Amino acid sequence: MTCWFEGPLAAFDTETTGVDVETDRIVSAALVVQDAPGTRPRVTRWLVNPGVPVPAAATEVHGLTEEHLQRNGRWPAPVMYEVAEALAEQARVGRPVVVMNAPFDLTLLDRELRRHRASSLDRWIERSPLLVLDPRVLDKHLDRYRKGRRTLTDLCAHYGVALEGAHDAAADAVAALEVTRAVGRRFASRLERLSPRELHTLQAVWHAAQARGLQEWFARSGTGEVVDPAWPLRPGLPAAA
């Protein structure tokens, strides 16, 4: 029987106006689907006119200017509908979806759906749950004592995955997918007997433990930063921004 890391996978990524999941907006998104390792992935891209200013700092990261998005981007409401439908389709067919640092991208999408569709991501996947694979959570759990950062760029370097065009949603999604396959192969003895559904459940536990550890470190260092233990989606606030 084919292990999950050698089978069909999808991957999802966004580029945004900033890093606050409650107030920032999606400016581009991509979903890639790969039927087997080494095959050409099918890529769907979305470009969004967020309807709010795009900070220069965000443009420096992903290269998308406010002018470009106003001229070429689509309005958020139909895009968020299409993105949610595309993810729901992955859930319906049981295809795992790789999302690097899932609580960021999926929570942002959820807040955009609340903002523009008066809905939520949970409503799209309530009948068929999304099976998420987060390479950041997997790597931190399986190689917990390795020093250094664990951004997508760092993970690509560590696992020998090429990352061309970083901070392009499609390029980042493809790279995250390949990193996840590489993690699976490196730790096959610990992962090959687990189904994607079992891994999804375990990652929620692992992420919560990782969050507690980071929270304790922040407390010892005297910073007031709060780490949310929820994974892969943070609970909705009473009123979205």
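The structure reproduced in this document is the subject of the present report.

Time to look at the packing of helix α6 (residues 135-142) against helix α8 (residues 169-186). Following both chains from N to C, one finds α6 and α8 inclined at 30°, their axes separated by 10 Å at the closest point. Here α8 runs roughly parallel to α6, going by the angle between their axes. The crossing of α6 and α8 is left-handed. Side by side, α6 and α8 meet where Pro135, Leu138 and Leu142 of the first sit next to Ala176, Val179, Thr180 and Val183 of the second. Tallied by class, the residues present in the contact of α6 with α8 amount to six nonpolar, one polar and no charged.

This paragraph deals with the side chain of Gln34. Mapped onto the elements, Gln34 comes out in strand β2 (residues 26-34). There is a polar contact of 2.9 Å between the side chain of Gln34 and the backbone oxygen of Thr39. At 3.0 Å, the side chain of Gln34 forms a polar contact with the side chain of Arg181. What Gln34 contacts, discounting residues up to four positions off in sequence, is Gly7, Pro8, Leu9, Thr39, Pro41, Leu177, Glu178 and Arg181.

For the rest of this paragraph, the subject is the pattern of salt bridges. This model, assessed by the stated rule, comprises twelve salt bridges. A salt bridge links Arg74 to Glu82, with the shortest nitrogen-to-oxygen separation between them at 2.7 Å. Residue classification places Glu82 among the partly exposed positions, given a relative accessible area of 31%. Here the salt bridges share partners, and the residues they tie into one network are Glu22, Asp110, Arg111 and Arg114.

Turning our eyes to something else, we now look at helix α7 (residues 152-159). Within the sequence span of α7, burial applies to Leu152, Leu155, Cys156 and Tyr159. With its buried residues spanning 100° around the axis, α7 presents them on a single face. Here the buried face of α7 lies against α6 and α8. Looking at the residues trailing α7, positive phi occurs at Gly160, about 70°.

Turning next to helix α4 (residues 102-117). Here α4 is 16 residues long and its end C-alpha atoms lie 21 Å apart, about the 22 Å a rise of 1.5 Å per residue gives. For α4, the buried fraction is high: 13 of the 16 residues fall into the buried class. Directly after α4, the chain includes Ala118, whose backbone phi takes a positive value near 50°.

With their axes 10 Å apart at the nearest point, α7 and α8 run at an angle of 45° to one another. Judged by the angle between their axes, α7 and α8 are oblique. α7 and α8 meet at a crossing whose hand is left-handed. Residues Leu152, Leu155, Cys156, His158 and Tyr159 of α7 lie in contact with α8, whose contacting residues are Asp172, Ala175, Ala176, Val179, Ala182, Val183 and Arg186. Looking at the contact of α7 with α8 residue by residue, the class counts come to nine nonpolar, one polar and two charged.

Scoring rules and cut-offs
Residues numbered from 1 in each chain as written. Predicted model: local features only at pLDDT ≥ 70, side-chain atom pairs only at ≥ 80, totals over all residues. Heavy atoms only, no water. Axes fitted to C-alpha atoms, helices over the stretch in contact; angles between N-to-C directions. Helix = DSSP H or I, 4+ residues; strand = E, 2+ residues; numbered from the N terminus. Parallel < 35°, antiparallel > 145°, perpendicular 65-115°, else oblique. Left-handed = near helix turned anticlockwise from the far one by under 90°. Contact = heavy atoms within 4.5 Å. Nonpolar A, V, L, I, M, F, W, Y, C, P; charged D, E, K, R; others polar. Polar contact = N/O pair within 3.5 Å; in protein donor to acceptor, adjacent residues only side chain to side chain. Salt bridge = Lys/Arg side-chain N within 4 Å of Asp/Glu carboxyl O. Buried < 20%, exposed > 50% of the residue type's maximum accessible area, 1.4 Å probe, protein only. Arc of directions from axis to C-beta. Expected span 1.5 Å × (residues − 1).

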